[in-house]
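Residue-level structural notes
Below are the chains, spelled out letter by letter.
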Amino acid sequence: MTAIDSHSTPHDDHAHDGGHGHSEYPFLAHHFETPAQQFDSGKLGMWVFLATEVLFFGALFAMYTLMRAKEPEVFSFASNYLDTIMGGINTCVLILSSLTMALAVHFAQRSKKGPLVVCLLLTFLGACGFLVIKYFEYTHKFDANLKWGPAFYQPVVENGKPLGAPEAALVTESTPAAATAGSPLTVNPLIGKPLPAEASSIKRAAMGPSGLASEDAMHAHDAHGHAATGDHDLAMKTHVYNAQMPVNTHRFFGIYYCMTGLHGIHVVIGMFLIGWITLRSIRGDFNSKYYTPVDLVGLYWHIVDLIWIFLFPLFYLIH
Amino acid sequence: MSNHSHAHAGADEHPLVGHLVPLWILFATATVLLVLTIITVAVRYVDLGEANIYIAIGIAGVKATLVGLYFMHLKWDRPFNQLTLVGSIAFVVLLIWFTMLDSKQYEPQLIRGNPTGVQTELGQKAPDAPIAKQNQLIR
Amino acid sequence: MTTLDATRPLDTRPSADNYLTHSRGVLSWILTLDHKRIGVMYLVSVLASFLLGGVFALLVRTKLLFPGEVSWMSAEAYNHFFTLHGAVMVFLVIIPSIPAALGNFVLPIMLGAKDVAFPRLNLASYWLWLLGATCVVLSLLMGSFDTGWTFYTPYSTTTRFGGVVPVVTGAFILGFSSIFTGMNFIVTVHKLRPPGMTWFRMPLFLWALYSTALIQILATPVLAITLSLLAVERIFHIGIFDPAWGGDPVLFQHFFWFYSHPAVYIMIVPGMGIISEIISVHAHRHIFGYRFIAFSSIAIAFFSFLVWGHHMYTSGQSGLMNVVFSAITFSVAIPSAIKVFNWLATLYKGSISLTTPMLYALAFLFLFTIGGLTGLYLGTLNTDIHLHDTYFVVAHFHYVMMGSALIAMIGGMHHWWPKMTGRMYSEFWGRIGCTLVFIGFNLTFFTQFMLGSQGMPRRYYSYDQLPGMAEAFKTYHHISTGGSYIMALGFVITAIYLIHSLYRGKPAPANPWGGRSLEWQCPSPPPHDNFKVTPRVGDCYDFSVVRWDEASNGYIVDRSLDPELNPNAPKRKGHH
Ligand SMILES: [Cu+2]
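Residues numbered from 1 in each chain as written. Chains lettered and ligands numbered in written order. Predicted model: local features only at pLDDT ≥ 70, side-chain atom pairs only at ≥ 80, totals over all residues. Heavy atoms only, no water.

1. Some words on the coordination of the copper ion
Residue and element names in this part refer to chain C. Protein-derived ligands of the copper ion are His261 (ND1), His310 (NE2) and His311 (NE2), with the metal-ligand distances lying across 1.8 to 2.0 Å. Summarised as a motif, the one-chain spacing of the donors to the copper ion is H-x48-H-H. With a gap of 50 residues between them, His261 in helix α8 (residues 249-282) and His311 in the loop between α9 (290-303) and α10 (319-347) connect regions that are remote in the sequence. Side by side, His261 and His311 carry an identical accessibility label, which is buried. (Donors = N, O, S within 2.8 Å, 3.2 Å for Na, K, Ca; no water. Helix = DSSP H or I, 4+ residues; strand = E, 2+ residues; numbered from the N terminus. Buried < 20%, exposed > 50% of the residue type's maximum accessible area, 1.4 Å probe, protein only.)

2. So, the packing of α8(C) against α9(C)
Residues and elements named next belong to chain C. Closest axis-to-axis distance for the α8/α9 pair is 11 Å, and the angle between their directions is 175°. It follows that α8 is roughly antiparallel to α9 by the angle criterion. Seen from α8, the contacting residues are Tyr265, Val269, Met272 and Ser276; seen from α9, they are Ile293, Ser297 and Ile300. When its residues are assigned to classes, the contact of α8 with α9 shows 5 nonpolar, 2 polar and no charged. (Axes fitted to C-alpha atoms, helices over the stretch in contact; angles between N-to-C directions. Parallel < 35°, antiparallel > 145°, perpendicular 65-115°, else oblique. Contact = heavy atoms within 4.5 Å. Nonpolar A, V, L, I, M, F, W, Y, C, P; charged D, E, K, R; others polar.)

3. Considerations on the environment of C:His85
Residues and elements named next belong to chain C. Among the structural elements, His85 can be located in helix α3 (residues 75-110). When its relative accessible area of 17% is taken as the criterion, His85 is described as buried. Once residues within four sequence positions are removed from consideration, His85 is found in contact with Gly53, Phe56, Ala57 and His398.

4. Some details on the packing of aromatic side chains
Residue and element names in this part refer to chain A. Inspection of every chain in the model, using the stated rule, returns 79 aromatic pairs over all chains. Plain terms: the ring middles of Tyr138 and Phe142 are 6.3 Å apart, the flat faces sit at 5° to each other, and that makes the pair stacked. Taken together, the positions of Tyr138 and Phe142, both in helix α4 (residues 113-143) and 4 residues apart, correspond to about one turn of that helix. Pairing Phe252 with Tyr256 gives two aromatic rings, centres 6.5 Å apart and planes at 5°, and the pair type is stacked. Residue Phe252 and its partner Tyr256 are both found in helix α10 (residues 249-283); the two are separated by 4 residues, about one turn of the helix. A residue is classified by how much of its surface remains accessible, and Phe252, at 0% relative accessible area, is buried. (Phe/Tyr/Trp six-rings, centres within 6.5 Å; stacked < 30°, edge-to-face > 60°.)

5. Things to note about the interface of chain B and chain A
Opposite the 74 residues of chain B that make contact, chain A presents 86 residues. In this assembly, chain B packs against chain A so that about 6700 Å² is buried in total across both faces, 72% of it on carbon and sulfur atoms. Considering only the side of chain B, the residues that lose the most area to chain A are B:Arg44, B:Met72 and B:Pro130, jointly responsible for 10% of the buried surface there. Applying the counting rule to chain B against chain A returns 1 salt bridge. In this structure, the connection of chain B to chain A is made through 10 residue pairs in polar contact (both at pLDDT 80 or more). Listed by contribution, the elements that provide at least two residues to the side of chain B that touches chain A are α1 (23-44), α2 (51-71), α3 (79-106) and α4 (116-125) of chain B. The greatest single-element share of the side of chain B that touches chain A, amounting to 14 residues, is contributed by α3(B). In terms of residue class, the side of chain B that touches chain A is made up of 42 nonpolar, 17 polar and 15 charged. (Buried area = accessible area lost by both parts, 1.4 Å probe. Salt bridge = Lys/Arg side-chain N within 4 Å of Asp/Glu carboxyl O. Polar contact = N/O pair within 3.5 Å; in protein donor to acceptor, adjacent residues only side chain to side chain.)

6. Thoughts on the nonpolar core
In terms of nonpolar packing, the biggest core is built from 297 residues, with A:Phe252, A:Phe315, C:Phe91, C:Phe151, C:Trp343 and C:Phe364 touching the most fellow members. With 21 residues, α8(C) is the single largest residue contributor to this core. When neighbours within four sequence positions are excluded, C:Phe364 is seen to be in contact with C:Ile268, C:Met272, C:Ile275, C:Trp343, C:Thr369, C:Gly403, C:Ser404, C:Ile407 and C:Ala408. (Core = buried A, V, L, I, M, F, W, Y, C linked by side-chain atoms within 4.5 Å.)

7. Re empty space enclosed by the protein
Residues and elements named next belong to chain C. Taken as a whole and assessed by the stated rule, the structure comprises 9 cavities of 30 Å³ or more. Within this model, the largest cavity holds a volume of roughly 120 Å³. In terms of lining, the largest cavity is formed by 17 residues, of which the most central are Phe91, Ile95, Pro96, Leu174 and Ser178. Counting residues per element, the ones that place at least two in the lining of the largest cavity are α3, α6 (164-191) and α7 (204-236). The greatest single-element share of the lining of the largest cavity, amounting to 6 residues, is contributed by α6. (1 Å grid on protein atoms, 1.4 Å probe; cavity = no way out; pocket = protein on both sides within 12 Å on 5 of 7 lines; lining within 4 Å. Points joined across faces, edges and corners; volume = space filled by probe spheres on them.)

8. Comments concerning unusual backbone geometry
Residue and element names in this part refer to chain C. Omega for the bond connecting Thr153 with Pro154 falls within 30 degrees of zero, at 0°, which places this linkage in the cis form. Here Pro154 shows up in the loop between α4 (119-141) and α5 (155-158). The omega angle of the peptide bond from Ser524 to Pro525 is -15°, so this bond is cis rather than trans. Here Ser144, not a glycine, exhibits a phi torsion of approximately 60°, which is positive. Position of Ser144 among the secondary structure elements: in the loop between α4 and α5. Ser144 gets classed as buried once you look at its relative accessible area, which sits at 8%.

Right, here's the structure in full:
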């Protein structure tokens, strides 16, 4: 330790102009001493922000865990209505856009303007692709009234009739199985025959893939010749009348839209951020000395990817 | 901070701050991530009972770790930045852990069947639906 | 190197060019990136909200003078008023008061930095605060809300008053305002510390702000998402919190208190930091147990996340978790007590100046001890069953939130007022104001302990029907309301002499109290850039280098006496 204030020494003579050799680094803000300090601050700030994002989604994951622990049958039933292939493609799209983002940071670090801009544009395209696929997924479900809360129990009406509503002859209370099982829910109106008693009991978690309700319903339609095409669509649209639907199934879709929707909002925000740094890259703002915004937007974009990496199996890959 | 000397790897080729991750690591990471995605989708069609969800979560955890370590440069980052991510996840685990402990405890007291709002809705919109008979009050 | 000695006194001469005069015009304020101006804008906004919340409180207290129905305030209006009082005071006043208003002003100066790490984010934080406050006002126009500040479901998802969604939107936005402040402080403390200032050289106020920032970062997002889900549930009935749609109201309380218990520490921990500063400066004595106080701030931040369930003993939470949360709750008492004992030890044999800030600090010690100890009754399972949702709870948290957090904030405001404004306020009226607030506060809330332990429920509009107790309750309520008027008078006097000081106050010296940390080594008011060069610092609680300077009518820090900065300084005993 020395009595000399070594820190201020080299700068003191030009301290009046807010010195610290800032002229060498035009990007250096006045309250930072060195580019490293500025970079580290930005990076730490971003990580702290990402921590808030983790907690933000964390509460939703907590909610998911609780709901699933309480009603596993809802999740195994309802996840069949989600399109695993579309979800899988979306996962790959996000991973690839994460890759291009990481590449963008790499090229920014090496002052390669051309590849940087190309990578950012590819990342932007990836974000667009993700949202387009998501849009088709959502509209597909909306058409079938696979929505939240009350809307979930609104039968889909086609040709003025509720789709999949049982015939008058199929009124369920009169079947003997209902009386013996002690539960009114023992007839699948789409199949038209009594179900095994355990199939209608509340706990359905153990049913496994053999209990894939929508597929059952689909086959039933084949047997009755009601619908030759679009079986899966029909099963989706007639979910209200599906005898195997557990109580509270609407909650699955409630949290599905909450979590994927919030994630989608983050993707949209990410698109704005990527667009912004793309424009700045085209302007030539970034090089090996200064690329902090690219790095930070990159971190944000990776956490969006990271959250999707968990959302995908939790919603699409369960049974 | 001047760039002369080497024609190829001048100062412009090296970041002034931060860590430059080689291209091959980035591509390798992405490849592994894509392969893991295909695996996890494939496992979905194999019935392993309860194990399915744990495998899926485990693979997701591996993928997330890869993204964090290589795409997000955490492997070479400052310890406090690493701690920030791990710490925030720890607090999420805390939230899930305590609420789960509690909800498991009071779960047996919950009434099963359609909640009142759902029941009313069904009564108006689809009284014939089998689910409409799952009233809380019937049980 | 001749004049660049670390021991050279820093320039404390008042200058015509300071942060207040650096640029002019309304735009230069609302678009400023200067942490000092943002701090001042926050202070003004927070105090305006305090006035609003105070008026609501007085309306509620005035109604309670009458046991039965009154013609001028319906039961419904009463519900709105106490709800608004709570929401305004918590979200608009206490949470931002110390970190965003005083912390913003003081933190970078204490670090010898020119600004916080992210000045734009800082301004964004203030604008988000304004936006959030606008939402709260909007909710008044859209039917207001009567849910209590806790927004418990299912009531909040079903109440017919339409102000719920706008107000939770407002709280969501205010949450992000708070998060941005926290982000800024964490990074600033990590990256902008001056040479010589290691972690254990930081003024304790910075430790407190740092701990607070950690809580803000980790807890606030959960509130944000919870309130969003509440709004979504109310509009779309997704079945998350409302049992009518299969939701779980206990889960809402888990999420809400995961934020809102740590939020109590967002309110109180920075207040504790201020008290550490005031007590050591105004007792002119090295803070006792520096490391204990510093670590106890971090410990409080950590423990605060483990005890949220103590708000839910009677809400349907399971017996197991009741026991777990009750047990952990007691552990929070330890770091809090450590702080109190260290403050007392600092005062012991100190040469105490009974200035207004010191009076507020002493009031804090008294009130915080009562607030903390009564918290133990509420953390105990069996007593809480009796006391839950009674005035005992109201009294307890007012002792903590108002008697401690807000009193510390007002004490800190007086402490740094000369620095912020460059003017001295009237010490005489300051003492009068503090005394009135202290007496009024205790009259108001100590009686509420009695009310609560005898069974008066909180949030009740009338109490004339309570069997056999109406008369006794009436007496207590009268004392309580009378106390609130005295307290209001104290605050009015405070407002008057503070505003008066802006125009007629004596010019403040750079160091009116004998402080040692860096903010007392720059002019009052500070210049735009705080310090021309980042100063090297020594032990910020070593008051032996502080001496009275007749010429400037204030204290000066003689850096040449500091062995940290000058190895040739004369050795003195009692310092390491
Ligand atoms: Cu608490």
